[in-house]
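Commentary on secondary and tertiary structure
These are the residues of each chain, in order.
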Amino acid sequence: MLHRQPELSFQEHQTCRFIQSQLAEMGISSTVLAGTGLVAHIGAGERCVALRADIDALPIQEESGVPFSSERQGIMHACGHDAHTAMLLGAARILQQCVWRHGAQALGGVVKLIFQPGEEMSPGGASLLIKEGVLEATGEASVPEVIFGQHVNPDAATGTVAFVSGTMMASTDELFWTIRGASGHAAQPHRTADPVLMAAHLVTTLQSLVSRALNPLHSGVLSITRIQGGTATNVIPETVEMSGTLRSMNQEWREWAIDTIAEHSQRICSSPLFASRADSSVQGACEFQRSKGYPPLVNNPQATEFARQAAAHLLGAKCVEEFEPKMWGEDFAFYTHHIPGTFWMLGVRPPELNHMPGLHNARFTIDEKALSIGTALLVHVALERLGTLSVLM
Ligand SMILES: [Zn+2]
Ligand SMILES: [Zn+2]
């Protein structure tokens, strides 16, 4: 059902109802947060550990060819969030069975399940859930002492799990420019203020932020990915629009870069070099807007070491790997800026294959054998953290 009926970010109404009914069948009550998110609690006690799965899909037409392909035109679970949801539901079932068998206190605390909407879309479902109090103490649970999350990784073999201690993914900001000039005949550029030339200068000059104003040992990317202006070969247009993304693993450089981009975009476009010679009051201008995205994802070293050890107990040390940090964004980052947490990557490539289509690819699939591993790992990490694994298993 989850893969066949994908829903876009913040529109996961059917998915939310499905999860709620699955939990209800297990005797677990849940609360809707942020419209399409859900939070539920299993067990009882002073301590609390949170497990998070994201539930949204992407605007991609599925071409995977699997028999349970998306039945929704142009929407697909191409980031594996359906798998994350299924694994957290599986973990809920196992934990609830422990409660049935041994009582609510048996878990040694509360496991908070977070089914989070809108991971793929700014401002990120995590930030909305946090605003609605998902990490706060409630009647059912205290503030979670740690939060764990996982993501499928089609680049790693099934049976493996990979961790990063510290910064794992980048901050993400969307950038938008509207460059205003003065249009005119392409054969008389001196009577225009040419926004195409301004845009060209911006694209090249702004790259010096990364190449010259960032410590080479730190990570940052500026990619200008869309540039649009003009309609004819013989007309200098009035405006050019550009957009792109700024990624960084360093919050301080990120904010400095945004301020610098804003200041220099305006300064470059309004330079006298680009003003009309016929009328020097006709100058270029630039409106710059930033849509603030996710902070860098920083895994707490102790939480990471804990999860790594738990994975080694469950799967064997040979199956536990190091993940190379990526300049991707992931809104799990918001949780880790409030409480300790760690996010690991679960291998989902059939071991006999060398290559699988990547995340966000229309042919993306996973090896379903990995689902039971990810489910077991969530249970294992939660119970080991609460100190009751050996008692219950
Ligand atoms: Zn994604
Ligand atoms: Zn994802």
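This text follows the structure it describes.
To start, this report covers the structure provided alongside it.

Cut-offs used in this document
- Residues numbered from 1 in each chain as written.
- Chains lettered and ligands numbered in written order.
- Predicted model: local features only at pLDDT ≥ 70, side-chain atom pairs only at ≥ 80, totals over all residues.
- Heavy atoms only, no water.
- Helix = DSSP H or I, 4+ residues; strand = E, 2+ residues; numbered from the N terminus.
- Areas by Shrake-Rupley, 256 points an atom, 1.4 Å probe, with all protein chains shown as cover.
- Lys, Arg positive; Asp, Glu negative; His and termini not counted.
- Charge placed at Lys NZ, Arg CZ, Asp CG, Glu CD.
- Pairing = 2+ DSSP bridges.
- Axes fitted to C-alpha atoms, helices over the stretch in contact; angles between N-to-C directions.
- Contact = heavy atoms within 4.5 Å.
- Donors = N, O, S within 2.8 Å, 3.2 Å for Na, K, Ca; no water.
- Buried < 20%, exposed > 50% of the residue type's maximum accessible area, 1.4 Å probe, protein only.
- Salt bridge = Lys/Arg side-chain N within 4 Å of Asp/Glu carboxyl O.
- Disulfide = S-S within 2.5 Å.
- Core = buried A, V, L, I, M, F, W, Y, C linked by side-chain atoms within 4.5 Å.

1. Some remarks on the overall build of the protein chain
The secondary structure content of the protein chain amounts to nine helices and 16 strands. Taken over the C-alpha atoms alone, the protein chain extends approximately 85 × 45 × 40 Å along its principal axes. Here the protein chain has roughly 17,000 Å² of accessible surface; of this, 53% comes from carbon and sulfur atoms. In the protein chain, which carries 26 positive and 38 negative side-chain charges, the distance between the mean positions of the two groups comes to 2 Å.

2. Here we look at the sheet that holds strand S4 (residues 110-116)
If you trace the eight strands from one edge of the open sheet to the other, you get S1-S2-S4-S3-S5-S16-S6-S15, paired in mixed fashion. Pairing within the sheet leaves two strands with one partner each, and these edge strands are strand S1 (30-33) and strand S15 (320-322). Strand after strand, the sheet turns through a mean of 30° between neighbouring axes, direction not considered. Note: strand S3 (residues 48-54) against strand S5 (residues 146-157), four bridges, orientation parallel. Bridge pairing in S5 links valine 49 to valine 146. Here helix H2 (residues 81-102) sits on the sheet in contact with strand S2 (37-43), S3, S4, S5 and strand S16 (341-349), set at roughly 150° to S3. Contacting S3, S4, S5, strand S6 (161-163) and S16, helix H8 (residues 369-386) crosses the sheet at an angle of about 155° to S16.

3. Quick word on the coordination of the zinc ion (ligand 1)
Protein coordination at the zinc ion (ligand 1): the donors are Cys79 (SG), Glu120 (OE) and His360 (NE2), at 2.0 to 2.2 Å from the metal. We note that the donor set of the zinc ion (ligand 1) lies within a single chain, spaced as C-x40-E-x239-H. A distance of 3.2 Å spans the gap from the zinc ion (ligand 1) to the zinc ion (ligand 2), which cysteine 79 bridges by coordinating each metal. One end of the pair, cysteine 79, is in the loop between S3 and H2; the other, glutamate 120, is in the loop between S4 and helix H3 (125-131), with 41 residues separating them in the sequence. The exposure class of glutamate 120 is partly exposed, given its relative accessible area of 24%.

4. Section: the pattern of salt bridges
Side chains bearing opposite charge may pair, as long as their charged atoms lie close to each other. In this structure the tally under the stated criterion is 16 salt bridges. Residues arginine 52 and aspartate 54 are paired through a salt bridge, measuring 3.5 Å at the closest nitrogen-oxygen approach. Arginine 308 is paired through a salt bridge with glutamate 322; the nearest N and O atoms lie 2.3 Å apart. With arginine 308 in helix H6 (residues 301-315) and glutamate 322 in strand S15, the pair connects residues that are 14 residues apart, well separated along the chain. Accessibility expressed as a relative area gives 16% for arginine 308, which makes it buried. What emerges from the salt-bridge pattern is a single network uniting Asp173, Arg254, Glu255, Arg290 and Lys292.

5. Thoughts on the sheet that holds strand S8 (residues 171-180)
Read from one edge of the open sheet, four strands run S10-S12-S8-S13, paired in antiparallel fashion. Each end of this open sheet is capped by a strand with a single partner; those strands are strand S10 (220-229) and strand S13 (285-292). When strand polarity is set aside, the average angle formed by the axes of neighbouring strands in this sheet is 20°. As judged from the nine bridges shared by S10 and strand S12 (residues 239-248), these two strands associate in the antiparallel manner. When the sheet's bridge partners are listed, valine 221 is paired in S12 with arginine 247. Against the sheet, helix H4 (residues 195-212) contacts S8, S10, S12 and S13, and its axis sits at roughly 175° relative to S10. Contacts from helix H5 (residues 251-269) reach S8, S10, S12 and S13 within the one sheet, and its direction differs from that of S13 by about 160°.

6. What about the state of the cysteines?
Across all of its chains, the model carries zero disulfides by this definition. Distance from the sulfur of cysteine 16, which forms no disulfide, to the nearest cysteine sulfur (cysteine 48) is 20 Å. Judged by relative accessible area, which is 5%, cysteine 16 ranks as buried. Of all cysteine sulfurs, the one in cysteine 269 lies closest to cysteine 286, which takes part in no disulfide; the gap is 4.4 Å.

7. Looking at unusual backbone geometry
In this structure, the amide linkage connecting serine 122 to the following residue, proline 123, adopts the cis form with an omega of 10°. By the secondary structure assignment, proline 123 is in the loop between S4 and H3. Even without being a glycine, alanine 34 presents a positive backbone phi close to 55°. Along the chain, the position of alanine 34 falls in the loop between S1 and S2. Even without glycine at this site, histidine 360 takes up a positive phi of about 70°. With respect to the element layout, histidine 360 can be found in the loop between S16 and H8.

8. A word on the nonpolar core
For soluble globular proteins, nonpolar side chains are generally found buried alongside one another. The biggest cluster of nonpolar side chains holds 55 residues, and the ones touching the most others in it are Leu23, Leu113, Phe115 and Trp344. The residues touching leucine 23, leaving out its near neighbours within four places in the chain, are Ile28, Ser30, Ala40, Leu89, Ala92, Leu113 and Phe115. Grouped together as the second largest cluster of nonpolar side chains are 25 residues, Leu33, Ala34, Ile114 and Phe334 included.

9. Section: the environment of alanine 376
Among the structural elements, alanine 376 can be located in helix H8. The partly exposed category is assigned to alanine 376, whose relative accessible area is 28%. Expressed as a C-alpha distance, the spacing of alanine 376 and glutamine 96, which sit 280 residues apart in the sequence, is 14 Å.

Shape descriptors only; they carry no functional weight alone.
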